[in-house]
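Report on the structure
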Amino acid sequence: MENSLAAESPNRRRSPTAEELRVWRDFVETGDRIRSRLAARLQAESGLSTGDYAVLLALSEAPGRRLRSSELAAAIDWERSRLSHHLGRMEARGLVAREASAHDSRGAEAVLTAAGASQFRRASASHLRAVQELFVEAFVPDGRHDGVGLRPVEEVTGALREHLASMG
């Protein structure tokens, strides 16, 4: 009797069913496979890691192509220590520079260099082709957007984002 009461308690969450776990695993494993293939192609075709690409993308979109380290870390969802080490490696390759902040003498900013911008542009062309081939074509195989296409994926990701935002 006690177990049935605990199972009905509104404060107690149930465990996922076998089917829910199967769908979850499929979701995670498929996402991992896509990211792995994108990363391998990005590295092979441009010499950039996905981390390099994330940093270069954020800087390319930033005003003046520069961001404080804390802003850059937040933009790409990295810990500041991880970013600091990564920026050091990218700086050694000439992709970024670290300069004193023009607005705050205490801070430093990561700045996209001309070489970094050039390599990012080259990498983006092949990366976008890979996104098209590995992701978009799964939902829009003939290149036409007159059917269902990406709408269900957008709905799923929207629901997940809303759920995560509601959890804090």
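Scope of this entry: the structure provided in the associated data block. Fair warning: this is a prediction, and the values are worked out from it, not measured in the lab.

1. Describing the packing of helix α4 (residues 69–76) against helix α5 (residues 80–92)
Packing of α4 against α5 brings their axes to within 9 Å, and their N-to-C directions diverge by 105 degrees. Comparing their axes, α5 and α4 come out roughly perpendicular. Contact residues: α4 offers Ser69, Ser70, Leu72, Ala73 and Ile76, while α5 offers Arg80, Leu83 and Leu87. For the contact of α4 with α5, a count of residues per class yields five nonpolar, two polar and one charged.

2. Looking at the sheet that holds strand β1 (residues 66–68)
Taken in spatial order, the three strands of this open sheet run β1-β3-β2, and their pairing is antiparallel. Pairing within the sheet leaves two strands with one partner each, and these edge strands are β1 and β2 (96–100). Across the sheet, the mean angle separating the axes of adjacent strands is 30 degrees when strand polarity is ignored. Relative to strand β3 (residues 108–112), β2 runs antiparallel, the two being bridged by five bridges. Opposite Val96, over in β3, you have Leu112 as the bridge partner. Together, β1, β2 and β3 form the strand contacts of helix α3 (residues 50–61), whose direction differs from that of β3 by roughly 95 degrees.

Conventions and cut-offs
- Residues numbered from 1 in each chain as written.
- Predicted model: local features only at pLDDT ≥ 70, side-chain atom pairs only at ≥ 80, totals over all residues.
- Heavy atoms only, no water.
- Axes fitted to C-alpha atoms, helices over the stretch in contact; angles between N-to-C directions.
- Helix = DSSP H or I, 4+ residues; strand = E, 2+ residues; numbered from the N terminus.
- Parallel < 35°, antiparallel > 145°, perpendicular 65-115°, else oblique.
- Contact = heavy atoms within 4.5 Å.
- Nonpolar A, V, L, I, M, F, W, Y, C, P; charged D, E, K, R; others polar.
- Pairing = 2+ DSSP bridges.

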